[in-house]
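# Report on the structure
Next come the chains, spelled out residue by residue.
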Amino acid sequence: MKKNINKYARILSLLLIFLATSCGKDFLDLNPYQSVALGDAIKEIDDYKAAVYGIYSGLQSSNYYGRYFVLVPDVMSDDVKQNAQANRARDFSDYQATALDGIALGMWGIMYDVINRANVVINAEVEVTPAVQDQKDEYVGEAYALRALAHFDLVRMFAQHYGFTSDNSHPGVAVVTVFDQNSKPVRNTVAEVYQQIISDLQTAIPLLKIEPPSAGRISKEAAQALLARVALYMGNFQMAEQMASAVISSGNYSLVSTDQYVDSWSQGLSSESIFEVIFRQDDDNGSDALGRMYIPEGYGDYLPSADLLSAIPEGDVRGQLFKTDETIGGVYGNLRVNKYPNTQYQNNTPVLRLSEMYLIRAEARAMLGDETGAQADVTTIRQRGLPSAEAVTATGQTLLDEIEKEKRIELMFEGQRLWELMRHKQSLVRTDCTNLVCDVAYPNNRFVAPIPQAELDANANMNQNPGY
């Protein structure tokens with residue numbers, strides 16, 4: 001079965017799909033749309049709505065934010081260790097994945113599927129009445145931002161990080177902005193991929209006008225938050241600081257209080273949710289849900305590492321995002337990850353949260369020489385976790401280390417730890433290792449996933465990552 005970028009585009013052209021799943025209050029009453037031909041897909045404003053709805057539906061896939069895109073980079077990191085019976089994503093956890101890996105193929109396929117769904121909206125040439133022009137702009141803006149997100153996720157998973165080479169001329173992924181079923185694209189450089197991501201987000205921001213924003217959809221603030229993260233990865237600290245500050249000062253979000261922090265992970269959208277992939281009972285991934293990789297009611301394949309646990313100060317509320325399980329022990333410890341605790345159906349998957357904006361701004365400020373501002377931002381997050389904690393007063397590299405430590409704790413199990421190791425050019429060191437591979441020196445070919453063999457077979461212009 002050969003699935004590649006063009007195959008997904010061809011499928012899309014024949015079966016423009018948009019199944020009903022929840023993506024925010026605006027969409028909860030949307031009826032399912034039947035498959036329609038591409039030429040008939042978007043004719044009026046309701047078609048834009050249905051098409052954008054389909055983009056969000058793609059994010060829910062178990063190969064994307066529904067499970068593997070979040071799980072894989074975490075099990076490849078030092079935050080997670082294998083339980084004895086672990087067998088899902090184990091090849092990635094053990095750095096043994098191959099080009100025939102089904103998870104790599106699934107992630108590759110769904111991300112390009114999302115991109116092509118977004119392209120349908122972006123490239124539709126439909127005139128609407130002035131009365132609904134703002135709605136059209138909103139939908140097109142969401143499509144631009146979601147296309148940027150999917151390209152960003154692809155280039156992180158399948159290419160070495162920004163900064164791996166001095167001019168970022170190393171292979172990234174193919175940038176796809178138009179539908180062409182005969183195209184056999186080459187891999188753009190990482191620099192070119194990031195240029196497209198920045199362009200899409202800057203195009204999206206002025207089009208996004210939802211007020212108040214819904215965290216189940218991409219809002220102006222969500223696009224700004226994503227741009228802040230992208231800019232940080234690029235080392236564009238001025239842009240990262242500017243975008244993070246715009247989100248923080250928007251007044252649309254507030255940090256969850258210390259006493260409500262743990263409960264917020266089981267109660268849906270919180271006051272600091274900027275963008276989440278939302279799941280209802282009727283669009284649950286079931287046994288394929290992200291949380292079921294951690295909780296004993298599911299597969300329970302993965303456990304928190306002792307190294308991560310030791311980084312959390314005693315009494316910090318984030319230490320309560322684990323629960324004791326006496327059925328395990330020894331090198332495995334007796335704690336389970338409980339950040340996604342819902343046993344009935346899948347928890348939402350956080351993509352962008354306000355706490356990350358404080359930590360992005362802290363790092364950006366530190367790198368720009370504003371250490372007082374950086375200290376204040378990281379102290380805000382640290383004292384939310386532990387109100388009695390002393391304010392951060394460190395400077396220089398020690399301050400940057402404090403920020404990175406706080407980010408590791410705050411964003412644990414949200415699929416970001418591996419990317420942090422890579423962009424800081426750090427080796428992987430697992431101190432209480434239960435894996436086949438315990439240490440991976442930086443730089444390393446295996447920090448990125450293989451280009452699927454099915455893609456290579458279908459597209460002679462596509463080349464494999466080194467080491468596979």
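Being a predicted model, the structure only gives us computed values, none of them experimental.

The rules behind these values
- Residues numbered from 1 in each chain as written.
- Predicted model: local features only at pLDDT ≥ 70, side-chain atom pairs only at ≥ 80, totals over all residues.
- Heavy atoms only, no water.
- Helix = DSSP H or I, 4+ residues; strand = E, 2+ residues; numbered from the N terminus.
- Rg over C-alpha atoms; globule rule 2.2 N^0.38 Å.
- Buried < 20%, exposed > 50% of the residue type's maximum accessible area, 1.4 Å probe, protein only.
- Contact = heavy atoms within 4.5 Å.
- Areas by Shrake-Rupley, 256 points an atom, 1.4 Å probe, with all protein chains shown as cover.
- Lys, Arg positive; Asp, Glu negative; His and termini not counted.
- Charge placed at Lys NZ, Arg CZ, Asp CG, Glu CD.
- Pairing = 2+ DSSP bridges.
- Axes fitted to C-alpha atoms, helices over the stretch in contact; angles between N-to-C directions.
- Parallel < 35°, antiparallel > 145°, perpendicular 65-115°, else oblique.
- Left-handed = near helix turned anticlockwise from the far one by under 90°.
- Nonpolar A, V, L, I, M, F, W, Y, C, P; charged D, E, K, R; others polar.
- Phe/Tyr/Trp six-rings, centres within 6.5 Å; stacked < 30°, edge-to-face > 60°.
- Salt bridge = Lys/Arg side-chain N within 4 Å of Asp/Glu carboxyl O.
- Core = buried A, V, L, I, M, F, W, Y, C linked by side-chain atoms within 4.5 Å.

Further remarks concern the overall build of the protein chain. A tally of regular secondary structure across the protein chain gives 16 helices and ten strands. Computed over its C-alpha atoms, the radius of gyration of the protein chain comes to 21 Å, within 12% of the 23 Å expected for a compact globule of 468 residues. Each of the three principal axes of the protein chain carries a C-alpha extent, and together these read 60 × 50 × 45 Å. When burial is assessed residue by residue, the protein chain has 60% of its 468 residues classed as buried. Long-range pairs, those at least 24 residues apart, make up 72% of the contacts in the protein chain between residues at least 6 apart in sequence. Accessible surface, the protein chain as shown: approximately 17600 Å² in total, 48% of it carbon and sulfur. With 40 positive and 59 negative side-chain charges, the protein chain shows a spacing of 4 Å between the two charge centroids.

Okay, helix 3 (residues 68-75) next. The buried count for helix 3 comes to eight of eight residues, which makes it a mostly enclosed element. Within the span of helix 3, buried status applies to Tyr68, Phe69, Val70, Leu71, Val72, Pro73, Asp74 and Val75.

Take the side chain of Gln416 next. Summarising the element assignment, Gln416 is placed in the loop between helix 14 (396-410) and helix 15 (417-423). The exposure class assigned to Gln416 is buried, which follows from its relative accessible area of 5%. When neighbours within four sequence positions are excluded, Gln416 is seen to be in contact with Asp74, Arg229, Tyr233, Glu356 and Leu411.

Among the five residues of strand 4 (residues 273-277), five are classified as buried, and the element is accordingly described as predominantly covered. Across four bridges, the pairing between strand 4 and strand 8 (residues 349-353) is antiparallel. In the strand pairing of strand 8, Ser273 is matched with Arg353.

Where helix 6 (residues 133-158) contacts helix 7 (residues 190-204), the two axes come as close as 8 Å, and the packing angle between them is 155°. Comparing the axis directions of helix 6 and helix 7 gives the class roughly antiparallel. Remark: the crossing between helix 6 and helix 7 carries left-handed chirality. Residues Gly141, Tyr144, Ala145, Arg147, Ala148, His151, Phe152, Val155 and Arg156 of helix 6 form the contact with helix 7, whose own contacting residues are Val190, Val193, Tyr194, Gln196, Ile197, Asp200, Leu201, Thr203 and Ala204. Looking at side-chain class alone, the contact of helix 6 with helix 7 contains eleven nonpolar, four polar and three charged residues.

Locating Asp259 in the fold gives a position in the loop between helix 9 (237-248) and helix 10 (261-264). For Asp259 and Gln375, which are 116 residues apart along the polypeptide, the C-alpha to C-alpha distance reads 23 Å.

Turning to the packing of aromatic side chains, a few remarks are in order. With the rule as written, the count across this model stands at 16 aromatic pairs. Measuring from ring centre to ring centre gives 4.8 Å for Tyr64 and Tyr65, while their planes differ by 35°; the resulting arrangement is tilted. Summarising the burial analysis for this pair, Tyr64 and Tyr65 share the class buried. Relative to Trp265, the ring of Tyr261 lies with its centre 6.4 Å away and its plane at 75°, an arrangement referred to as edge-to-face.

We now examine the pattern of salt bridges. All told, the structure shown has 36 salt bridges when counted by the stated rule. Between Glu363 and Lys407 there is a salt bridge, with its nearest N and O atoms 3.9 Å apart. Note that Glu363 is positioned in helix 12 (residues 354-368) and Lys407 in helix 14, a separation of 44 residues in sequence. Comparing Glu363 with Lys407, the two get one shared label, buried. Each of Glu272, Asp316, Arg318, Lys339, Arg353, Arg382, Arg384, Glu402, Glu406, Glu410 and Glu414 takes part in one network of salt bridges that share partners.

Let us now look at the packing of helix 9 against helix 12. For any two helices packed against each other, one specifies the crossing angle of their axes together with the interaxial distance. Orientation of helix 9 relative to helix 12, taken along the N-to-C sense of each, is 145°, at an axis distance of 8 Å. Here helix 9 and helix 12 pass one another in a crossing that is left-handed. Contacts from Phe237, Gln238, Ala240, Glu241, Ala244, Ser245, Val247 and Ile248 in helix 9 reach Leu354, Met357, Tyr358, Ile360, Arg361, Glu363, Ala364, Arg365, Met367 and Leu368 in helix 12. For the contact of helix 9 with helix 12, the class distribution of residues is twelve nonpolar, two polar and four charged.

This brings us to the nonpolar core. Of all hydrophobic cores here, the largest spans 142 residues; its most connected members are Tyr64, Met107, Phe158, Phe275 and Met357. When residues in this core are grouped by element, the largest group, 14 residues, is from helix 6. The residues contacting Phe275, other than those within four sequence positions of it, are Tyr56, Leu59, Leu146, Leu149, Ala215, Gly216, Arg217, Ile218, Ala222, Pro350, Val351 and Leu352.

Here we come to unusual backbone geometry. Going from Glu211 to Pro212, the amide bond is cis rather than trans, its omega being -10°. Topologically, Pro212 is positioned in the loop between helix 7 and helix 8 (220-234). Omega for the bond connecting Tyr442 with Pro443 falls within 30 degrees of zero, at -5°, which places this linkage in the cis form. Inspection of the secondary structure puts Pro443 in the loop between strand 10 (439-440) and helix 16 (453-458). Positive phi values are uncommon outside glycine, yet Tyr95 reaches one of about 55°. On the secondary structure map, Tyr95 appears in the loop between helix 4 (90-93) and helix 5 (102-122). Judged by relative accessible area, which is 8%, Tyr95 ranks as buried.

Turning our eyes to something else, we now look at the side chain of Asn83. Tracing the sequence through the fold places Asn83 in the loop between strand 3 (80-82) and helix 4. Here Asn83 is in contact with Gly300, Asp301, Tyr302, Leu303, Ile328, Tyr332 and Arg336, once residues within four sequence places are set aside.

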